[in-house]
Amino acid sequence: MDNTESFGARVGHCALWEKVKEGHVHLITNEDIQELFHAFDVYDPSEKISTSDLVRLCSVEGTYLTAEDIGEWIKDSDVDGTGEVGIMDVHRGITEGTAAFSLVKRALFGQEKEHKLSECSIHELLGWMHYEYDKKSKLWSLPETLFLFTAFIIGAVLHLNVWEAFKSSRAYQYALTYGDFALEWVVDRDTFWKWVYEGWLRNILRHHMVSFIREVDPDQDVLKTNPFPGRVLKTHQIIGAVRFRRWYAVGTACLSGNMWKDLYSQCPMHGELMPDDWYIFYHESYEVIQEQIQERAENFWLDDHTRFLDVQTFSYNAHQAMFTLDNLRLEFREAGYMIHRDGKRETFADSPYYNLWLAIPDLIFAVLLWNVFYGEMKELVPAAMNGLDGIKDYLKLWNVIDWIAIGFGFTTLSFWMVFVLKVSGELPEVLKPLPSNALDRAVFTNRSYLTSEEFDSVVDRFDFERQVAEIFRCAEEVAESHVVARRLIFVYLFILMLKFFKAFGSNDRLDIVIKTITGSAVDVAHFALAFALVFVCFAGSGMLLIGTTFEGYHTIPSALYFRWAENVEMDDIEGFEPWFQVLAYFWFFSYLSLMSILMINILVGLIFEAYGRIRSAAGEPETLLEQVGEAVENLKETKNFIDMWYLICELEDDDFPAHPAELVTIRSLKKAFSKDRMTKQNAEYLIESASRWAKKQEHNVELSVTDGVRMIGQTRTNVNKLLVLSEQVNAMLRKFHSKRTESEGGDWLSMYGAAQHEIQQEAATKTEESDPLAASPARRKHKVSEMQQKSREELMFYQMRNRFSDMISMTQEQTKLLEFISQSIGARQESIVEKDNWGRQKTAVLTDRCEKIEINIGKLSECLKGVDPGQLRGMPDKLKEFAQKVHAWQVEDSNPRSSSKLDHMAMLQHQMDSISQDVAQISAATKAKADIAKALQHVDARKRQIWARGKRGRGHKMKQVI
């Protein structure tokens, strides 16, 4: 026992096994094999060991070799079949044979596993179920997302009506921008009032039809040429009035230096902003409006405290059935000039659902969105029943995107309904009290626009201004809700795009897009970092270079945008001095060559490299139509199976897993879900599919660059070894041929040994010359001992030749003996396998019977719920007691002279035995599903029947006695 333990310890400490573990067979040297020989108590490098000694390695732990590996190792080492191997033989067997290939393959791809269609591991089953469920859910989400996207787009196009809104926006752009004095010429307060006189007043109110479109005809009636007051370009009816809202600041202390504080003690354009409204009513005459404008201009209504001026017009176009709220903002800058922003203009329908058919896309979208919500809840509820871990397992990326799509979709619908309620309900109620009809009648009656006195006689100016203010408030709220709905629709389109990305994962051809993005994400991210830094440098240098004179580069955000758009032309540079132009040209062309040409092409190359790599790895996957056809067939096949997500949640339950065992078989899986009545076909489908999937996954192992370098190194090492060995054999054959030529009558075997010995000496000499460190003191000592033994070996060589033939014959006999032993062992193993199979069959039958007993016990327990076992057991005794009483009555009333031969007692006894058997069957039934209450009712009925028969027999006897 001590020798065995010491042998195992010595073998286990060998450095050979670490290289075997890592698969680095090309790094195994003769010294490693010599260390292994020392564990076998063999210290002479020339001494050999028996192959049976190597078999002992099977009993040693820590070698990382299986019995098959050791058998292949011995077979490759003992090529000549002598049963003895040396250091070189063992080294060749472990580095160049079948065992070496197995070790390398195992190091690269792991240990191969035998997959059976009747069983698999729980991890393989869960892995396939997750893969299959995700694949099918993504596949069926593709048409769902497509229909959802189609319904959403159709509803958005119909309700937002962007084309008609663009027409209205273009009309206001023409009316406000162009004219006798263009809006772009407004730079300060004086030019603003000039634009109001010569541009805005004539184009918007059009009292005299004087504009850039049509010349005035003084002899023609005003109302005849422009018969409807307050029409912008004759189609957009102004509602109420036009509002000029001035935002002015209260003023705060300036942040100037001490020497300027006396001159600039306060900055009027800083501080809190306050509104000041001025309404221009289109029913008043041109002269009245001009007087109001002149009065405002002369009284400095736009003073130094003014920051913004909003020119607001709320109109309605009956041809388009749409409202338009136009807000032209003029912004007064601290530098003394003015700019205008006309982007805040919103056009919306007066009745989004004037035709009920327009509600169909919204209803379809809501139904589809609800279906997505229902599907996610079917997954979330079983996962939540497993606790926090189940929810964590459920919340994957695509599930989170689905919930974002659900939440954002319902939010978009909610904001859209808010807009519909405002524009269809609140806005008409605000517009009803407006006295526009009375003012229109007054204009038509007078055949001219109204003076201030005439206007005040028709309506109360103060009350009218209050109503118009309320209309603008409501219109701003409606427009804002419409803007929010449009922005939500804009964002939701990108969310639907992410849902399409999820659906693309169902098909390998479509998934190439996602894999290309994810596969190149790391490289693109690093490239983006370098690109962003260089780009910011160019944008910043552009801002410093031309930012003071070029509007697009006066701020960092605008410089980034305009540099990306490359919005710099030669005309922008030619006005500078020559030295400045040189800097500008260098800046422009360096950006063009470095960013636009070089780095953009690098980015394209990175993406195309990832696409090519992923496309080649994908091979020839099935098309989407083929996959849909297979999915439909699979759906028909599995329509009666248990829901797969429910099975996943039950199997992944950390507290009470449905199948806690590691090995899953058809029988164990069926038993685990017996309460759900899993069929055998369902269990077979799951196990077989998981086994095939696991087997396929083992072959889907990619060879990394490190593994490729390792394989190349191993191949190169083996080739170098073969070259050295070939050179040694070639040199040995040449020396053998030369010696045979010199002495043809000599002993060829001795010549062969001498030639081989010389070749070995020359190889050792070359090794020492090429590597001086190799000639260590231990080797020099060994060389001296070889020279001393040379003479003794020559004397013993003759005896070895004589015994060589004996050894060959002994080897043949040993081979025959080994074959006989192998056959005997094989027969014994076959017998053991047969007995093992017989035992497994008996065990399976016993297990089946035990399961059936457990199922029947469960059924019996369900049947016996609410039944008193003691009362049931006492029923036969009560019946026997009742029979004894009947017997006593019969004996008491019997007449010896009666001629009746009927044995009523025997009949009663027979019936009692029958009842007892019924009760015994009820109490011992394991297969029946009878109701115990009905059985007891049957027993009670039989008892009453016996009682009636006994009573009739007793009465009959009494009549005979009488």
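Residues numbered from 1 in each chain as written. Predicted model: local features only at pLDDT ≥ 70, side-chain atom pairs only at ≥ 80, totals over all residues. Heavy atoms only, no water.

- An unreviewed UniProt entry lists the protein under the name Polycystin cation channel PKD1/PKD2 domain-containing protein, with Durusdinium trenchii given as the organism.
- Taken verbatim from the UniProt record of the protein, the Subcellular location (unreviewed entry) comment is "Membrane". (UniProt positions renumbered as here; feature names shortened; annotations may be inferred.)

1. Thoughts on the overall build of the protein
So, point 1. A tally of regular secondary structure across the protein gives 32 helices and 13 strands.
So, point 2. Considering the protein as a whole, with its 962 residues, one finds that 35% of them fall into the buried category.
So, point 3. Intrachain contacts of the protein at a sequence separation of at least 6 include 71% that bridge at least 24 residues.
So, point 4. Accessible area of the protein: about 58,600 Å², with a carbon and sulfur share of 59%. (Helix = DSSP H or I, 4+ residues; strand = E, 2+ residues; numbered from the N terminus. Buried < 20%, exposed > 50% of the residue type's maximum accessible area, 1.4 Å probe, protein only. Contact = heavy atoms within 4.5 Å. Areas by Shrake-Rupley, 256 points an atom, 1.4 Å probe, with all protein chains shown as cover.)

2. Description of the packing of helix α20 (residues 521–546) against helix α22 (residues 578–618)
So, point 1. Following both chains from N to C, one finds α20 and α22 inclined at 165°, their axes separated by 11 Å at the closest point. One element, α20, and the other, α22, form an angle in the roughly antiparallel class. You can see that α20 and α22 cross each other, and the crossing is left-handed.
So, point 2. Each residue belonging to the contact of α20 with α22 can be placed in one class, and the counts come to 22 nonpolar, 3 polar and 1 charged. (Axes fitted to C-alpha atoms, helices over the stretch in contact; angles between N-to-C directions. Parallel < 35°, antiparallel > 145°, perpendicular 65-115°, else oblique. Left-handed = near helix turned anticlockwise from the far one by under 90°. Nonpolar A, V, L, I, M, F, W, Y, C, P; charged D, E, K, R; others polar.)

3. Regarding empty space enclosed by the protein
In this approach a probe as big as a water molecule rolls over the atoms, and the regions it shows empty are the leftover space.
So, point 1. Enumeration over the complete set of coordinates arrives at 2 cavities of 30 Å³ or more.
So, point 2. Taken together, 13 residues line the largest cavity, and the ones lying closest to its centre are F152, H159, D362, L413 and I489.
So, point 3. Elements with a contribution of two residues or more to the lining of the largest cavity: α8 (122–160), α13 (360–384), α15 (397–431) and α18 (461–504).
So, point 4. With 6 residues, the top contributor of residues to the lining of the largest cavity is α8. (1 Å grid on protein atoms, 1.4 Å probe; cavity = no way out; pocket = protein on both sides within 12 Å on 5 of 7 lines; lining within 4 Å. Points joined across faces, edges and corners; volume = space filled by probe spheres on them.)

4. Quick look at the nonpolar core
One recurring pattern in soluble globular proteins: nonpolar side chains tend to sit buried together.
So, point 1. F314, F348, F464, V468 and Y492 are the most contacted members of the largest nonpolar core, which totals 44 residues.
So, point 2. Breaking this core down by element, the ones donating at least two residues are α8, β11 (322–332), α13, α15, α16 (436–446) and α18.
So, point 3. Ranked by residue count, the leading element in this core is α18, at 13 residues.
So, point 4. In this structure, L176, W200, I204 and L328 belong to the second largest nonpolar core, which totals 33 residues. (Core = buried A, V, L, I, M, F, W, Y, C linked by side-chain atoms within 4.5 Å.)

5. What about the packing of aromatic side chains?
So, point 1. In total, this model carries 33 aromatic pairs according to the counting rule given.
So, point 2. Here W128 and Y685 contribute two aromatic rings whose centre-to-centre distance is 5.8 Å and whose plane-to-plane angle is 75°, an arrangement assigned as edge-to-face. Of this pair, W128 sits in helix α8 while Y685 sits in helix α26 (residues 680–699); the two residues are 557 residues apart in sequence, bridging distant segments of the chain.
So, point 3. Put simply, the rings of F192, W193, W195, W200, F244, W278 and W301 touch in pairs and so form one group of aromatic residues. (Phe/Tyr/Trp six-rings, centres within 6.5 Å; stacked < 30°, edge-to-face > 60°.)

6. A word on the pairing of β11
So, point 1. Across the 11 residues of β11, 10 count as buried, placing the element largely inside the fold.
So, point 2. Bridging between strand β10 (residues 306–317) and β11 involves 10 bridges; their strand directions are antiparallel. Paired with Y316 across the strands is F323, a residue of β11.
So, point 3. What sits between the antiparallel neighbours β10 and β11 is a turn of 4 residues, in which A321 has the positive phi angle 55°. (Pairing = 2+ DSSP bridges.)

7. Structural notes on the pattern of salt bridges
So, point 1. This model, assessed by the stated rule, comprises 30 salt bridges.
So, point 2. K136 is paired through a salt bridge with E132; the nearest N and O atoms lie 2.6 Å apart. In this pair, K136 and E132 are both assigned in helix α8, 4 residues apart and thus about one turn of the helix distant.
So, point 3. Close ionic contact of E688 with R692 constitutes a salt bridge, the shortest N to O distance being 4.0 Å. Of the two residues, E688 and R692 are both situated in helix α26; the distance of 4 residues between them amounts to about one turn of the helix.
So, point 4. Overall, the relative accessible area of 48% leaves R692 in the partly exposed class.
So, point 5. If you follow the salt bridges from partner to partner, you end up with K422, E426, E470, R473 and E477 in one network. (Salt bridge = Lys/Arg side-chain N within 4 Å of Asp/Glu carboxyl O.)

8. So, the UniProt feature "transmembrane region" (unreviewed entry) in the protein
So, point 1. Residues given the UniProt feature "transmembrane region" (unreviewed entry) here are residues 145–163, 354–374, 395–419, 488–504, 524–546 and 584–608.
So, point 2. With 95% helix and 0% strand, residues 145–163 has end C-alpha atoms that lie 26 Å from one another.
So, point 3. In this annotation, residues 354–374 is assigned 71% helix and 0% strand; the end-to-end C-alpha distance for the span is 31 Å.

9. Notes on unusual backbone geometry
The general pattern is negative phi for most residues beyond glycine and trans for most peptide bonds.
So, point 1. One non-glycine residue, D41, lies in positive phi territory at about 60°.
So, point 2. Tracing the backbone through its elements, the reader meets D41 in the loop between α3 (30–39) and β1 (49–50).

10. Quick notes on α3
So, point 1. Where α3 is concerned, the buried positions are D32, I33, L36, F37 and A39. Down the axis of α3, the smallest arc covering the buried residues is 150°, so these residues share one side.
So, point 2. Phi for D41, located one or two positions after α3, is positive at around 60°. (Arc of directions from axis to C-beta.)

11. Focus: the packing of helix α10 (residues 189–205) against helix α12 (residues 286–298)
Describing two packed helices takes the angle between their axes plus the distance from one axis to the other.
So, point 1. For the pair α10 and α12, the least separation of the axes is 11 Å and the interaxial angle reads 150°. By the angle between their directions, the pair α10 and α12 is classed as roughly antiparallel. Judged by the sense of rotation from one axis to the other, the crossing of α10 with α12 is right-handed. Two secondary-structure elements touch here, α10 through W193, V196, Y197, L201, R202 and L205 and α12 through Y286, I289, Q290, I293, Q294, R296 and A297.
So, point 2. When the residues that make up the contact of α10 with α12 are grouped by side-chain class, the tally is 9 nonpolar, 2 polar and 2 charged.

12. Regarding the environment of V20
So, point 1. In this structure, V20 sits in helix α2 (residues 16–22).
So, point 2. A residue is classified by how much of its surface remains accessible, and V20, at 3% relative accessible area, is buried.
So, point 3. For V20 and A100, which are 80 residues apart along the polypeptide, the C-alpha to C-alpha distance reads 8.8 Å.

13. As for a nonpolar patch on the surface
So, point 1. On the surface, F490, V491, F494, M497 and L498 cluster together into a nonpolar patch covering about 430 Å² of accessible area.
So, point 2. Structurally, the position occupied by F494 is in helix α18. (Patch = residues over 30% accessible without salt bridge, like charges linked within 9 Å, V, L, I, M, F, W, Y side chains within 5 Å.)

14. Section: α15
So, point 1. Its 35 residues place the ends of α15 49 Å apart at the C-alpha level, agreeing with the 51 Å of an ideal helix rising 1.5 Å per residue.
So, point 2. Along α15, the sharpest kink reaches roughly 35°, centred on K422. (Expected span 1.5 Å × (residues − 1). Bend = angle between axes of the 7 residues up to and from the residue.)

15. Considerations on the side chain of D402
So, point 1. Relative to the helices and strands, D402 resides in helix α15.
So, point 2. Beyond its immediate stretch of four places on either side in the chain, D402 contacts E376, K499 and K502.

16. Here we look at the pairing of strand β6 (residues 242–249)
So, point 1. With 6 of its 8 residues buried, β6 lies for the most part within the structure.
So, point 2. Where β6 and strand β9 (residues 273–280) come together, 8 bridges link them in antiparallel fashion. Looking at the pairing, V242 lines up with I280 of β9.
So, point 3. Judged from the 6 bridges that link them, β6 and β10 form a sheet pairing that is antiparallel. Residue pairing in the sheet places R245 in a bridge with D310 of β10.

17. Some thoughts on the environment of A321
So, point 1. In this structure, A321 sits in the loop between β10 and β11.
So, point 2. A relative accessible area of 28% means that A321 is categorised as partly exposed.
So, point 3. Distance from A321 to D350, taken between C-alpha atoms, is 5.9 Å for residues 29 residues apart in sequence.

18. Structural notes on the confidence of the model for the protein
So, point 1. Within the protein, residue pLDDT values average 76, and 71% of them lie at 70 or more.
So, point 2. Low pLDDT, under 50, characterises residues 220–225; the stretch is placed with 12 contacts to residues that sit more than four places away or in other chains.
So, point 3. Of the regions scoring below 50 in pLDDT, residues 897–902 engages in 3 contacts with residues more than four places distant in sequence or in other chains. (pLDDT = per-residue confidence, 0-100.)

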